[in-house]
Amino acid sequence: MADFLSAYSIQTWLESCPQGYLEGTRFGHLPGEKEPEPLLANDILREESIRTTVQLVVGERCALAASSGLINAAPDEASKRFLATQTLDEARHVEIFSQRLVDPGVRKEKMEDVIRQYANRNLVKFAEVLLEKVDKKDFIAGVVGQNIVLEGMAFSVFEMMHALNQQLNPKFAHTLSGTIADERRHVGFGENRIGSLIKEYPERRPEIERMQKEMSYYMLATFADAFRNNPARDEFRRLESALVENGGSAQWQGVELATMEPEEMETVLATTVLSEFKTRLGRIGIEYQSPARP
Ligand SMILES: [Fe+2]
Ligand SMILES: [Fe+2]
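So, here's what we can say about the structure. (Residues numbered from 1 in each chain as written. Chains lettered and ligands numbered in written order. Predicted model: local features only at pLDDT ≥ 70, side-chain atom pairs only at ≥ 80, totals over all residues. Heavy atoms only, no water.)

Quick word on the overall build of the chain
Put simply, the rule reads: A helix here means a DSSP run of H or I that spans at least four residues, while a strand means a run of E at least two residues long, and both kinds are numbered starting from the N terminus. Just to be clear, the radius of gyration here is over C-alpha atoms, and the globule rule we use is 2.2 Å times residues to the power 0.38. Residue burial is assigned from relative accessible area. The probe radius is 1.4 Å, only protein chains are included, and a residue is buried under 20% of its type maximum, exposed over 50%, and partly exposed in between.
Each helix and strand in the chain was counted, giving 12 helices and two strands. On C-alpha atoms alone, the chain measures out to a radius of gyration of 19 Å, which is about the 19 Å that the 2.2 N^0.38 rule sets for 294 residues. Summarising its shape, the C-alpha atoms of the chain cover approximately 55 × 40 × 40 Å along the three principal directions. Out of the 294 residues in the chain, the part that is buried amounts to 55%.

Quick look at the packing of helix α4 (residues 43-71) against helix α8 (residues 139-165)
The relative placement of two packed helices comes down to the angle between their axes together with the axis-to-axis distance. Note the following rule: Only the stretch in contact is used when a helix axis is fitted, and all axes are lines through C-alpha atoms; the angle between N-to-C directions ranges over 0 to 180 degrees. Any angle that is under 35 degrees is reported as roughly parallel, and any over 145 degrees as roughly antiparallel; angles of 65 to 115 degrees are reported as roughly perpendicular and all others as oblique. In this scheme the crossing of two helices becomes right-handed for a clockwise turn of the near helix relative to the far one and left-handed for an anticlockwise turn of less than a right angle. Working rule for contacts: check all heavy atoms of both residues, and any pair within 4.5 Å makes them a contact. Note on residue classes: Ala, Val, Leu, Ile, Met, Phe, Trp, Tyr, Cys and Pro are nonpolar, Asp, Glu, Lys and Arg are charged, and everything else, Gly too, is polar.
As a packed pair, α4 and α8 sit with axes 11 Å apart at the nearest point and diverge in direction by 150°. What the angle tells us is that α4 and α8 run roughly antiparallel. Where α4 crosses over α8, the two elements pack in a sense that is left-handed. The segment α4 lies against α8, with Thr52, Leu56, Gly59, Glu60, Cys62, Ala63, Ala66, Ser67 and Leu70 engaging Phe139, Gly142, Val143, Gln146, Leu150, Phe158 and Met161. A per-class count over the contact of α4 with α8 returns 10 nonpolar, five polar and one charged.

Concerning unusual backbone geometry
Of note in the backbone geometry, Phe27 takes a positive phi value of approximately 50° without being a glycine. If you trace the backbone, Phe27 turns up in the loop between α2 (10-21) and α3 (37-41). For Phe27, a relative accessible area of 27% puts it in the partly exposed group. Of note in this structure, Asn229 is not a glycine but carries a positive phi near 55°. A relative accessible area of 71% places Asn229 in the exposed class.

Re the packing of α8 against helix α9 (residues 170-200)
Close contact between α8 and α9 brings their axes to 8 Å; oriented N to C, the two are set at 155°. By the angle between their directions, the pair α8 and α9 is classed as roughly antiparallel. For the crossing formed where α8 meets α9, the hand is left-handed. Here the contact of α8 with α9 is built from residues that sort into 19 nonpolar, eight polar and six charged.

Here we look at the coordination of the iron ion (ligand 2)
Put simply, the rule reads: Donor selection uses N, O and S atoms within 2.8 Å of the metal (3.2 Å for Na, K and Ca). Since no water is included, sites may look incomplete. Every angle between 85 and 135 degrees makes a four-donor site tetrahedral, while opposite donors more than 155 degrees apart, with all other angles between 65 and 115, make a four-donor site square planar and a six-donor site octahedral; other sites are irregular.
On the protein side, the iron ion (ligand 2) has Glu90 (OE), Glu151 (OE), Glu183 (OE) and His186 (ND1) as donor atoms, found 1.9 to 2.2 Å from it. Relative to the metal, the four donor atoms surrounding the iron ion (ligand 2) lie at angles of 90 to 168°, and the coordination shape comes out irregular. Binding-site remark: the iron ion (ligand 2) is held by donors from one chain whose sequence spacing is E-x60-E-x31-E-x2-H. The metal-metal distance between the iron ion (ligand 2) and the iron ion (ligand 1) is 3.2 Å, with Glu90 coordinating both. Of this pair, Glu90 sits in helix α5 (residues 77-102) while Glu183 sits in helix α9; the two residues are 93 residues apart in sequence, bridging distant segments of the chain. In this structure, Glu90 and Glu183 share a single accessibility class: buried.

A few points about the coordination of the iron ion (ligand 1)
At 2.0 to 2.8 Å from the iron ion (ligand 1) lie its protein donor atoms, namely Glu60 (OE), Glu60 (OE), Glu90 (OE), His93 (ND1) and Glu183 (OE). With relative accessibility at 0%, the residue His93 sits in the buried group.

Below, the structure is given as structure tokens:
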């Protein structure tokens, strides 16, 4: 418990995050970094970057609602304090991704309309399954849904986007790298805190396994919507071919994303996230349930 207390304390958070890897950043990236001109000048790419960023805002708003809602459901003081740091992390994520809507020209007064217009229906359902548990003050299911399922997904999605943008859009890649570091801490908390509670309350397992299966289905359906029939696919192919021709690359999980078709990328992402779920759930004593394939 002593290690747990110091690893997830506010002091550790201050030193590693605001006074550590976020020091000197502005909305998560270096001051002065801008979205690349070719992206802003191309209407198809610009719209696609807005659509993608809206999904990040929707996911982070859900994480903000869940982490703040779970503070009062937490059975111990150390978890409450950790969740308070996480609440601020998630609020920051909402803010930096909302800023990434403002940068390509979404006006602040139009922000909610744009979010409503582009929010993926399956991602909204995914969030609803989790927030229902949080509303019931169900701490164990809430932490599994948030810190293992939602954040396991976010972690891999951000890593993949980071690989794709490291050379094409360094500003966005920097914004993502701080959130990846945050998500790693959040996922670690989930695993460390929940294992002992599951042992104490084994009767909760079936319901949590059902929730994981349902959330995983909506996650895969969101991926399918994002990769298949993507209206910007030709534009992306063009950018990626130019990247490879100039000696660049976008490696992730041992594959070269820059030469892949969107459907192949979807498979790599889905396989990675589901196998991470399986490993992490196994460690806390929950049996992974395979979702239906959308
Ligand atoms: Fe987040
Ligand atoms: Fe998070």
